[in-house]
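The chain contents come next:
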Amino acid sequence: MSKTPLDRRSFLLGSLAVGGSVALLSACGTTGGSAGSASPSATIAAGTPKRGGLLRVGLGGGGPMETADAHVGILANTDLARSLNLYATLFKRDPETLAPLPSLAESAESDATGSTWTVRLIDGAEFHNGKSITAEDLIFTVQRIFEQKGAVAELMPWVDPAGMKALDARTVQFNLKSPTAIFTEPFAMIASGIVPIGYDPANPIGSGPFELKSFTPGELTSMKRFENYFGDVWLDELDFVSFNDDSSRINALLAGQIQATEALPPGQIAAVQADGKMQIIESLSGATRFFAMAVDEEPFTDVRVRQAMRLLVDRQQMIDQALAGYGEVANDTFNKYAAMYDSSLVREQNIEEAKSLLKSAGKSDLTVELATAPYIAGTVEASQVLVQQAKEAGVTVNLKKMDLPAYFEGYGKWPFSGDFFNGNEYFIQAGLNQLPTSTYNITHFNDDEYNTLYKQGVAELDEAKRKDIAAQMQKIEFDRGGNLIWTYAKVVDAVAEGVNGFVPDKYGLPLTSYDFARAWMS
Amino acid sequence: MTSAESGLSERMDSISIPVEGSPRRRVVPWWVRRIGGGILTLFAVSILIFLATQVLPGDAAKSILGRDATPEKLEILRAELGLNRPALEQYLDWSRNFVTGDFGMSLVNDRSVEELLVPRAMNTIALALCAILIALPLSILLGSISAIRRDGPLDQGISVTSLTFNALPEFVIGLGLVVIFATGVMKIFPAVSIFPPEESAFSNPMALVLPALSLVLAISPYIIRLVRASLIDALDSEYVLTARLRGIPERRILVNHALRNSMVPVVHGTALILAYLAGGIVVIEYVFRFPGLGGLLLEAVSARDLPLIQATALFLAAVYVVVNLLADLLVVRLTPRLRGVGA
């Protein structure tokens, strides 16, 4: 089988999403949300969607650096949300299974070896300026991603920007540099939006469900429904309001000035629930929060020290204290909800073993410095918990607390720091931060065996064999990697009464990965 | 001499009005020299800010790229933004443009500093004006009542209330008002300001209500206490006693003599408050998501956006200089003894 690996159910979902049957789509959304989730709030998508309304969404962490570019500089949550609604991508992740489902692509098929992939665009799709989306636009988009060194370029090293050929008006053949089985994955990611030939980020034209009316970085983004979108869109208008302060974001929700907001800080969830008129959407997710030890920096060059640090952590306590319990225990491996996740790898706190490892490494009274900043909610608190927990094993952790620019000034250079990721597919995640070429490889992990397995794995079309390779790679990370992955975050969003359509999302991005095409107001 | 007057004379000493100066020095009026001094101050401030931003870890290129800052991308962006030039050259370039009225472009987005600064400054002015126009008459009234009814129940009530608000941090006052008037008890006023960036706060009066009220509650106690103290001083003074002995009606004594003289410290207090309102209301801006100058400066610092930091900080410093100068001019008007001195 060389077609995009999809199981029957998600394939059905995908074709419906493309086909655009109104009632069926919403029914599927409901099923998708409540089927696998333990959360009682998952029934929020019930009812028959209808058109109309302005939805104002409060988003955190924006600022003057916000961008409307489709491919570069997408960092703040407001950037992600804007990108995902202005620009359609070839594939779109199923919120439950995380599988990439066809969106602007009708299909993607590979040859027997995975070295040539053929992407067929859906018929009749248009850009916001009324121009049809053609094979040439897709080629232009991919070339722009590589020219601008966009974030996803690194995740598709097999794509040859000069190796694309338009077979007809809506078919592109990708002749790859090296074979791959996960060709579709990067095309389901943010910052892979399809843009027209001659795209100018100052005039951000895409083919997403909403088109831009106005955009002021750090303040307000106003959008309206794109009437010729290839799928369903219910809202007339969509506004993103940037907030610096979490409390004022929650107050705006409670006062009715915004009707939806993302990622409630753990301490504010009770206040929103107490209001009685708010719906809470809880998503278990594969999004990780972790500490990172640079394997080529003292004292972490010794694997015994790294393992000792991993063993001295009481992960549940860290989640309880730093995230008010909103998280699931992680075991130094990425995305629990990934298809290739190996659940047999479990690590529990073991102070005695940590101490004995440190002793054998000659580091019984170890002192390390942990660089931290509020790069995502709960990180500074978790760092403080680590300081306490490390004491039990005789390890002194000194905190170096900074603001974000100072932290990013040394990002990738701190011997001991931290980071976070969404619930990515396993090989995508490996490409993001476990390979010598990865931008986010802040542990400087460079393991020959691991690198070889990665090359085999991405090219392995047989899913069972690929999963076996992924398991071997996870074992290597578990045994000698530099990441201390302590939690899979639980994302808690809130919407006002009468706002519908959102379902829990395992990817870890709030508000069903900012999929506002599914939102409707009653 | 009353304490209000002694405070005044100290003030006058500090601004060095040359009462006994040589005739030649008197050619240049003191306020002209004050303006010159102000400009020198701003120049010094600009150097200090520049040095401070050089010391801060990280630069605009780093904050734009965040964790995507590979050395390769950093180099390209730094070259583009001109951040790889020597520090002195950057400063000289900036100051040359600044004096010709070109405030430059923001480093982190494609907008001019002017375009970013002016609307925010207008919003801050709107908020500060609302607050001061309510707080000032209210405080003079309450302060006068306190002074006239010294130690009576009314005075005590006003004192206790104003001390209470004085003790509360601004964000507590702000959040309290939000709970009462926006999210909890009554939902009358907006909890945060959300209006299109091209509109100013003047055209969105509802958004001003709670932030302005918070500021009124935060600054009034200070003015009330100033008015009370200096009015009590005035009422105890010999000239008031003389006026009473001459049988001038109490109301006339109060309005024409005592209150007028007790305004001098209030004018200076108000000047300080105005300077504080121009830049120090960051907390209130945060709580209410109010698009003002304090927030702009914070954003600029955290983005290491040098031209924007410079322009905003200089604007705030200029407000400080100008407001203090105006206060001194007003004091000279209010104090016949000083009229014509050095001018």
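Before reading on, note that the structure itself is shown above.
Everything numeric here is computed off the predicted structure, so don't read it as measured data.

All names here are of chain A. Counting buried positions along strand 12 (residues 278–293) yields 13 of 16 residues, so the element is predominantly enclosed. Here strand 12 pairs with strand 17 (residues 483–496) via 12 bridges, running antiparallel. Its bridge partner lying in strand 17, Ala292 is registered against Asn483. Sheet topology note: the strand 12/strand 16 (residues 416–421) ladder contains six bridges and is antiparallel. If you follow Met293 over to strand 16, its bridge partner there is Phe416.

Our focus in this paragraph is the nonpolar core. Of all hydrophobic cores here, the largest spans 109 residues; its most connected members are Leu55, Leu90, Phe174 and Phe516 of chain A. Element by element, the count of residues in this core is highest for helix 4 (residues 135–147) of chain A, at six residues. Contacts of Phe174 of chain A, omitting those with residues within four sequence positions, involve Ser115, Thr116, Trp117, Val119, Leu138, Val142, Val159, Gly163, Met164, Phe183 and Phe187 of chain A. Formed by 85 residues, the second largest nonpolar core is a distinct cluster that contains Val241 and Leu253 of chain A together with Leu296 and Ala311 of chain B.

Residue and element names in this part refer to chain A. It is at 11 Å that the axes of helix 12 (residues 426–433) and helix 14 (residues 463–480) come closest, and there the two elements cross at 40 degrees. In this view, helix 12 runs oblique relative to helix 14, as classed from their interaxial angle. For the crossing formed where helix 12 meets helix 14, the hand is left-handed. Counting all contacts with helix 12, which are made through Tyr426, Phe427 and Ala430, the residues of helix 14 involved are Arg466, Ile469, Ala470, Met473, Gln474 and Glu477. A per-class count over the contact of helix 12 with helix 14 returns six nonpolar, one polar and two charged.

Our focus in this paragraph is the interface of chain A and chain B. In this complex, chain A contributes 35 residues to the contact, which on the side of chain B involves 38 residues. Contact between chain A and chain B buries roughly 3,300 Å² in total, counting both sides, with carbon and sulfur atoms accounting for 58%. Applying the counting rule to chain A against chain B returns three salt bridges. For the salt bridge of Arg304 of chain B with Asp403 of chain A, the shortest nitrogen-to-oxygen distance reads 3.4 Å. For the interface between chain A and chain B, the tally reads nine residue pairs in polar contact (both at pLDDT 80 or more). For the side of chain A that touches chain B, the secondary structure elements donating two or more residues are strand 10 (237–243), helix 5 (246–254), helix 11 (404–409) and strand 16 of chain A. Residue classes in the side of chain A that touches chain B are distributed as 18 nonpolar, eight polar and nine charged.

Here is what the cut-offs are and how they apply
- Residues numbered from 1 in each chain as written.
- Chains lettered and ligands numbered in written order.
- Predicted model: local features only at pLDDT ≥ 70, side-chain atom pairs only at ≥ 80, totals over all residues.
- Heavy atoms only, no water.
- Buried < 20%, exposed > 50% of the residue type's maximum accessible area, 1.4 Å probe, protein only.
- Helix = DSSP H or I, 4+ residues; strand = E, 2+ residues; numbered from the N terminus.
- Pairing = 2+ DSSP bridges.
- Core = buried A, V, L, I, M, F, W, Y, C linked by side-chain atoms within 4.5 Å.
- Contact = heavy atoms within 4.5 Å.
- Axes fitted to C-alpha atoms, helices over the stretch in contact; angles between N-to-C directions.
- Parallel < 35°, antiparallel > 145°, perpendicular 65-115°, else oblique.
- Left-handed = near helix turned anticlockwise from the far one by under 90°.
- Nonpolar A, V, L, I, M, F, W, Y, C, P; charged D, E, K, R; others polar.
- Buried area = accessible area lost by both parts, 1.4 Å probe.
- Salt bridge = Lys/Arg side-chain N within 4 Å of Asp/Glu carboxyl O.
- Polar contact = N/O pair within 3.5 Å; in protein donor to acceptor, adjacent residues only side chain to side chain.

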